[in-house]
Amino acid sequence: MKNTLIFALALSATVSYGQQKPADRYQQYLPIITEGSAAQKDSLATALVGEAKSYKTEAEYRSTLNILRNLEQDAKTQELEKVAVKKFPKGAITRDAFIQNTLYKAETTAAKEKAYKELLKKWPVKNFPDEGLTYDYAVAQLAQSFAKDGDAAKAIQYLETMQERFWRGNGYLPVGKTLLAQGDTTNATPLLKIAMDDAYYYISLPEEQQDNKAKFAAMGYASAMSAYVDILVNRGQYEQAVEQIEKALVVAPQQADALSTVYYKSLIGLDRKLEAYNILTRLYAKGQFNVEDQLKKLYADLNGSMTGYERFNANLKEELTQSIRTHIKEMETFKPAPAFELLNLKGEKVSLASLKGKVVVLDFWATWCQPCIRSFPGMQAAQASYAADPDVEFLFINTWERDKDYKTKVPAFIEKNNYPFEVLYDDQKDRESGQNMAAQYGVQGIPAKFIIDKEGNIRYFLTGSSPNVDYIKMEMHELIESAKKPHKG
């Protein structure tokens, strides 16, 4: 009865759409989008498509298409999009379809550039004064394609046309890193500095001016700073490097961990060994064991010998283990895991029921999700450490893919990177709720990981991930071993 009332209330307002803003309209249908059954979602989608016959403006179509996408009504979305494209050939819906289906899918740089020029000719930027970001996305992709081809001049030429400063770093930084990887430090350095300076501008704004754009721009600060400062370090410009880092730590102390590697290298270059040693100790205690050789060297330099190092090392590892055990308590939960039966890359069915008696690690990911991919080396190491344990199973649930041909791209991605993962496609919707597996598990962001015990109960849930291989391996060990033990209710 409650669901019926929600559905009735949602439909009752369709006649008054003319007085509503798109955001208000979306909120109106939110109960069905997030909690409605499959039947309710189908009914709402059908009603919206029917209502669209009376639309006069493109804004009405865009609003409804957004709702249909969130209802995961792919067929009805495509149906209505075709109508809108025909009705508004020079509108934003047609433009976006062109960008997605032609520009982004162009296989060569020349084809991308041709599509971009066609985009500007048919849908000039001046006709969409409030949608500069849409064009910046396209420019960033085109510039990166030129950079991969080694054509720095064309890449930079296109980057300089970007309009939104808060997002500019997302174009400049990848191109700068690509050129840097090719050994083109001359062209890479100014691009990385622009990305760094832009992020610094936003991160240092007064708190009352820290809107969503500023927060988004600030997220790229550590990455741009690390890349730029690494160039200074390689050039032996240690004073300039330390100056930049310490300037960053004043306005963004939360970036300390991300900047630690370039910081300790810069300090060593200035012979500030004790400060560098303290940073290395902190990194090692957080699981970055790749710094051990440098830590040993500084330990010997500062102490005059290696006496006591093994005890010191053991204490750091025990400190890390205790820190992880404390941390994972925040992730504890206990509830039945929703059942599933999904297809793997070979087309074989894999169900949760068939894995009863095993601890199951679920990792929700997508090919476009960089944090997911950065965590994969650590997850691969964790999986390898349990290769001989028949009571532990790792499943990598591919979800939220944006491209229609994802079933071609996902296997290619796994094969290219030689990941020995059991990948399942999250494309089977529950008959009653209409939700895919990610929605049933309550996933709000990826990567998302669930540790399920032998009885089929979720024992731990965590989102996000560290790119630190050793830390992930240790964290997974603690989570899995804890899930093996009976739940203390």
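In the annotation of an unreviewed UniProt entry, the chain is listed under the name Redoxin domain-containing protein and assigned to Sphingobacterium alkalisoli. In the Subcellular location (unreviewed entry) part of its UniProt record, the chain is described as follows: "Cell envelope".

Colleague: Sorry if this is basic, but what is going on with the overall build of the chain here?
Modeller: When its secondary structure is counted, the chain shows 22 helices and eight strands. Here the C-alpha atoms of the chain give a radius of gyration of 26 Å, agreeing with the 23 Å that 2.2 N^0.38 yields for 489 residues. Total accessible area on the chain stands at roughly 25100 Å², and carbon and sulfur atoms take up 50% of it. Charge-centre separation for the chain: the mean point of 62 positive side chains lies 4 Å from the mean point of 63 negative side chains.

Colleague: Where do I start with the packing of aromatic side chains in this structure?
Modeller: In this description, an aromatic ring pair is defined by two values, namely the gap between the centres and the angle between the planes. Inspection of the entire model under this criterion finds 27 aromatic pairs. A ring pair is formed by phenylalanine 166 and phenylalanine 216, whose centres lie 6.1 Å apart and whose planes are at 70°; its orientation type is edge-to-face. Here phenylalanine 166, found in helix H10 (residues 165-181), pairs with phenylalanine 216, found in helix H12 (residues 212-218); they are 50 residues apart in sequence, far enough to count as distant. Judged by relative accessible area, which is 12%, phenylalanine 166 ranks as buried. What makes phenylalanine 216 partly exposed here is its relative accessible area of 33%. Cluster of aromatic residues (ring-pair linked, three or more members): Trp365, Phe376, Phe396, Phe413, Tyr419 and Phe421. The ring of phenylalanine 289 has lysine 317 sitting right over it, with the charged end atom 5.1 Å from the ring centre.

Colleague: Explain the UniProt feature "repeat: TPR" (unreviewed entry) in the chain to me, please; I cannot follow it from the model alone.
Modeller: UniProt records the feature "repeat: TPR" (unreviewed entry) at residues 222-255, using the numbering of this structure. Regarding residues 222-255, the helix share stands at 79% and the strand share at 0%, and the terminal C-alpha atoms are separated by 6 Å.

Colleague: I keep staring at the domain arrangement of the chain and nothing clicks. Help me out?
Modeller: Size of an interface, as often reported, equals the accessible area lost when the parts are brought together. Along its sequence, the chain is organised into domain 1 (22-88), domain 2 (96-271) and domain 3 (334-484). Look at where the C-alpha atoms of domain 2 and domain 3 centre, and you get two points 31 Å apart.

Colleague: Looking at this structure, how should I read helix H4 (residues 58-70)?
Modeller: Every α-helix carries 3.6 residues per turn, so stepping three or four residues along brings you back to the same face. Here H4 is 13 residues long and its end C-alpha atoms lie 19 Å apart, about the 18 Å a rise of 1.5 Å per residue gives. By the burial criterion, the buried members of H4 are Glu58, Glu60, Tyr61, Ser63, Thr64, Leu65, Ile67 and Leu68. Where H4 terminates, the next one or two residues include glutamate 72, which has phi positive at roughly 60°.

Colleague: What is the right way to look at the packing of helix H18 (residues 309-328) against helix H22 (residues 469-484) in this model?
Modeller: Packed helix pairs are characterised by how far apart their axes lie and by the angle those axes make with each other. Closest axis-to-axis distance for the H18/H22 pair is 10 Å, and the angle between their directions is 55°. The angle between H18 and H22 falls in the class oblique. The two elements H18 and H22 cross, and the hand of that crossing is right-handed. For the pair formed by H18 and H22, the contact residues are Lys317, Leu320, Thr321, Ile324, Arg325, His327 and Ile328 on the first element and Tyr471, Met474, Glu475, Glu478 and Leu479 on the second. Of the residues assigned to the contact of H18 with H22, the class counts are six nonpolar, two polar and four charged.

Colleague: Honestly, unusual backbone geometry in this entry has me stumped. Any pointers?
Modeller: Most peptide bonds adopt trans geometry, and most residues besides glycine take a negative phi value. Cis geometry marks the peptide bond from isoleucine 446 to proline 447, where omega comes out at 5°. Turning to its location among the elements, proline 447 is positioned in the loop between helix H21 (437-440) and strand S7 (448-452). In this model, glutamate 72 sits at a positive phi of 60°, which is unusual for a non-glycine residue. Tracing the chain through its elements places glutamate 72 in the loop between H4 and helix H5 (74-87).

Colleague: What am I meant to see in the confidence of the model for the chain here?
Modeller: Do not read the predicted coordinates in detail wherever pLDDT is low. Across the chain, the average pLDDT comes to 90, with 95% of residues at 70 or higher. Per-residue pLDDT stays below 50 along residues 1-19; that stretch engages in 24 contacts with residues further than four places along the chain or on separate chains.

Colleague: Quick question: what am I supposed to make of the pairing of strand S8 (residues 457-463) here?
Modeller: Remember that side chains alternate between the two faces of the sheet whenever the strand is regular. Across the seven residues that make up S8, a large majority, five, are buried. Of the strand pairs in this sheet, strand S1 (residues 332-336) and S8 are connected by three bridges, and their pairing is antiparallel. Note on S8: the bridge partner recorded for proline 336 is asparagine 457. Taken together, the five bridges between S7 and S8 define a ladder with antiparallel strand orientation. Along S8, the bridge assignment pairs isoleucine 452 with isoleucine 458.

Colleague: Mind showing me how you'd approach the pattern of salt bridges here?
Modeller: Oppositely charged side chains can form a pair if their charged atoms are brought close together. Taken as a whole, this structure holds 26 salt bridges when the rule is applied. Lysine 154 is the salt-bridge partner of glutamate 113, the closest N and O atoms lying 3.0 Å from each other. Pair noted here: glutamate 113 is in helix H7 (residues 109-122) and lysine 154 is in helix H9 (residues 152-159), with a separation of 41 residues, a long-range link. A salt bridge links lysine 358 to glutamate 393, with the nearest nitrogen and oxygen atoms 3.5 Å apart. In this pair, lysine 358 sits in the loop between strand S3 (349-351) and strand S4 (359-365) while glutamate 393 sits in strand S5 (residues 392-398), placing the two residues 35 residues apart along the sequence. A relative accessible area of 21% means that glutamate 393 is categorised as partly exposed. Connected through salt bridges with shared partners, the residues Arg62, Arg95, Asp96 and Glu131 form a single ionic network.

Colleague: So what exactly am I meant to see when it comes to the sheet that holds S1 here?
Modeller: One key point about sheets: their strands pair by backbone hydrogen bonds, in either a parallel or an antiparallel sense. Spatially, the six strands line up as an open sheet ordered S1-S8-S7-S4-S5-S6, and their pairing is mixed. Looking at strand neighbours, the two that pair on one side only are S1 and strand S6 (423-425), the edges of this open sheet. The mean inter-strand angle of the sheet, taken between neighbouring strand axes irrespective of direction, is 30°. On top of the sheet, helix H20 (residues 406-416) reaches S4, S5 and S6; it is set at about 170° to S6, its chief contact.

Colleague: Where do I start with the environment of alanine 92 in this structure?
Modeller: Here alanine 92 lies in helix H6 (residues 92-103). For alanine 92, a relative accessible area of 1% puts it in the buried group. Residues alanine 92 and threonine 134, spaced 42 residues apart in sequence, show a C-alpha to C-alpha distance of 9.8 Å. When neighbours within four sequence positions are excluded, alanine 92 is seen to be in contact with Glu58, Arg62, Phe128 and Glu131.

Calculation rules
- Residues numbered from 1 in each chain as written.
- Predicted model: local features only at pLDDT ≥ 70, side-chain atom pairs only at ≥ 80, totals over all residues.
- Heavy atoms only, no water.
- UniProt positions renumbered as here; feature names shortened; annotations may be inferred.
- Helix = DSSP H or I, 4+ residues; strand = E, 2+ residues; numbered from the N terminus.
- Rg over C-alpha atoms; globule rule 2.2 N^0.38 Å.
- Areas by Shrake-Rupley, 256 points an atom, 1.4 Å probe, with all protein chains shown as cover.
- Lys, Arg positive; Asp, Glu negative; His and termini not counted.
- Charge placed at Lys NZ, Arg CZ, Asp CG, Glu CD.
- Phe/Tyr/Trp six-rings, centres within 6.5 Å; stacked < 30°, edge-to-face > 60°.
- Buried < 20%, exposed > 50% of the residue type's maximum accessible area, 1.4 Å probe, protein only.
- Lys NZ or Arg CZ within 6 Å of the ring centre and 35° of its normal.
- Domains from an automatic or database assignment.
- Expected span 1.5 Å × (residues − 1).
- Axes fitted to C-alpha atoms, helices over the stretch in contact; angles between N-to-C directions.
- Parallel < 35°, antiparallel > 145°, perpendicular 65-115°, else oblique.
- Left-handed = near helix turned anticlockwise from the far one by under 90°.
- Contact = heavy atoms within 4.5 Å.
- Nonpolar A, V, L, I, M, F, W, Y, C, P; charged D, E, K, R; others polar.
- pLDDT = per-residue confidence, 0-100.
- Pairing = 2+ DSSP bridges.
- Salt bridge = Lys/Arg side-chain N within 4 Å of Asp/Glu carboxyl O.

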